[in-house]
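Single-letter residue listing:
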Amino acid sequence: MRILLTDPILTRFSDELTGGGADGHDWEFLAGRPDADVMLRLPAADVLVASRLTAPVAATAGRLRLVHVTGAGYDRIAMDALPPGTAVCNTFHHGPSIAEHVVMTTLMLSRRVPRADRLMREGTWESVAVDPGVTLGTTLAGRTVGVVGLGEIGRQVVRATTALGMRARAVRRDPRAPLPSDLRLNRVDGEDGLDDLLAGSDVVVLTVPLSAATTGLIGAARLARMRPHALLINVARGPLVDEDALFDALSGRRIGGAGLDVWWSHPKDGDGARGCTRPFHTLDNVVMTPHHSGHTQETFTHRAREIADNIGRLGRGEPLTNMVRGGS
């Protein structure tokens with residue numbers, strides 16, 4: 001089969017993707033090339049491995065049998081523009097890495113690390129040892145984490161936080177659906193329980209996919225339900241949260257802080273490197289990272305191997321795994 005790869009990260013894992021070049025397929029690596037180059041080659045391709053596919057590019061697909069997304073989110077894939085018989089699959093394996101990131105940013109905010117780091121760099125030693133007015137940090141044990149969504153990421157967040165002594169609660173689409181027996185959850189509600197979760201959690205972690213239903217899920221009214229010391233950690237998609245409302249809540253100290261790994265725009269979309277229009281970088285109760293919470297060696301090694309396995313399944317006529325759109 002003829003396979004095109006446009007994802008720059010997965011390009012680093014060519015050995016895992018191609019079996020060291022022994023899989024018998026014709027691979028072409030096009031990361032960093034303009035869309036015009038992809039459009040010239042896509043009509044003859046059987047498989048496209050990509051994180052992004054615009055409608056004009058998708059419309060040039062001829063015999064394309066599979067688009068394999070290189071992550072969990074497929075909101076940047078123009079599926080409606082693909083030929084009717086093209087299957088779309090995604091891949092995961094980022095849950096443990098993202099859960100570690102959630103714990104890390106939660107601890108940084110709980111211990112006021114962004115402020116302490118900035119002041120130390122400026123030559124100021126601020127601690128309760130020299131200033132009794134300094135606010136003490138808090139531990140995670142005994143606090144409540146509220147997880148919005150219980151997919152791979154949400155489940156791993158529950159495992160990581162409860163291992164540190166936190167109580168966990170969650171909301172999900174179907175609260176009665178079975179869950180792994182090792183998840184230590186005090187409470188699971190349906191989507192109508194979100195407001196109660198916000199009011200009852202010390203840390204709120206967003207892990208749900210972006211859709212028409214979840215865009216703007218957390219606006220001013222819901223931020224107002226959160227406790228004044230509570231933290232909001234977003235490792236899902238930026239537009240789940242209203243940008244203006246979040247900035248106002250943080251700058252007004254109406255919530256304790258936020259860990260933002262996802263944003264409202266992306267450099268790949270030509271919108272600059274900051275990802276937002278409000279000056280979150282001026283706030284010392286925010287941890288800002290460039291959507292890299294899942295970017296570990298382990299994540300991409302497992303993803304590359306799973307993508308290679310799915311391509312092998314396609315070639316052998318076997319059922320595909322993680323299919324989000326069926327093929328012919």
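Here the structure is shown first, and the text comes after it.
Keep in mind the model is a prediction, meaning the values are calculated, not measured. (Residues numbered from 1 in each chain as written. Predicted model: local features only at pLDDT ≥ 70, side-chain atom pairs only at ≥ 80, totals over all residues. Heavy atoms only, no water.)

So, the overall build of the chain
Here is the rule we go by: Here a helix means four or more residues in a row that DSSP labels H or I, a strand means two or more in a row labelled E, and each is numbered from the N terminus. Between the two quantities, the radius of gyration covers C-alpha atoms and the globule rule is 2.2 Å times the number of residues to the power 0.38. Here, two residues are considered to be in contact whenever any of their heavy atoms come within 4.5 Å of each other. In this description, accessible areas are obtained by the Shrake-Rupley approach with a 1.4 Å probe, and a residue is regarded as covered only by the protein chains that are shown. In this tally, Lys and Arg are treated as positive and Asp and Glu as negative; His is ignored, and so are the chain termini. Here the site of a charge means atom NZ of a Lys, CZ of an Arg, CG of an Asp or CD of a Glu.
Assigned secondary structure in the chain consists of 10 helices and 13 strands. Taken over the C-alpha trace, the chain has a radius of gyration of 22 Å; the compact-globule value for 328 residues is 20 Å, and the two agree within 12%. In terms of overall dimensions, the chain has C-alpha extents of about 70 × 45 × 35 Å along its principal axes. Taking the contacts inside the chain whose residues are at least 6 apart along the sequence as the reference set, 63% of them involve residues at least 24 apart. Summed over all atoms, the accessible surface of the chain reaches about 15,400 Å², with 52% contributed by carbon and sulfur. Across the chain, 37 positive and 37 negative side-chain charges occur, with their mean positions spaced 3 Å apart.

Details of the sheet that holds strand 7 (residues 167-171)
Our working definition: Note on pairing: DSSP must find at least two bridges between two strands before they are called paired. An axis is simply a line fitted to the C-alpha atoms; with a helix, the fit covers only the stretch in contact. Between two such axes, the angle follows the N-to-C directions and lies from 0 to 180 degrees.
Judged by pairing direction, the sheet is parallel, and its seven strands sit side by side in the order 8-7-6-9-10-11-12 without closing on themselves. Each edge of the open sheet carries a strand with a single partner, namely strand 8 (187-189) and strand 12 (286-288). Neighbour-to-neighbour, the strand axes of the sheet open up by a mean angle of 15 degrees, direction not taken into account. Summarising the sheet, strand 7 and strand 8 pair through three bridges and their orientation is parallel. Each bridged residue has a counterpart across the sheet, and for Arg 169 the counterpart in strand 8 is Arg 187. Its contacts with the sheet put helix 4 (residues 95-110) on strand 9 (203-206), strand 10 (231-234), strand 11 (257-260) and strand 12, and the angle it makes with strand 10 is roughly 150 degrees.

Overview of the layout of surface pockets
Selection rule: Lining residues are defined by having an atom within 4 Å of a point belonging to a cavity or pocket. Those points lie on a 1 Å grid over the protein atoms alone, cavities being sets where a 1.4 Å probe fits but cannot get out and pockets being open sets with protein on both sides within 12 Å along at least five of seven lines. Grid points are joined across faces, edges and corners, and a volume is the space filled by probe spheres set on the points.
In this structure, the second largest pocket spans a volume of roughly 430 Å³. Around the second largest pocket sit 19 residues that line it, and Leu 109, Ser 110, Arg 112, Thr 135 and Gly 256 are the ones nearest its centre. Listed by contribution, the elements that provide at least two residues to the lining of the second largest pocket are helix 4 and helix 5 (113-122). Per-element tally for the lining of the second largest pocket: the top contributor is helix 4, with three residues.

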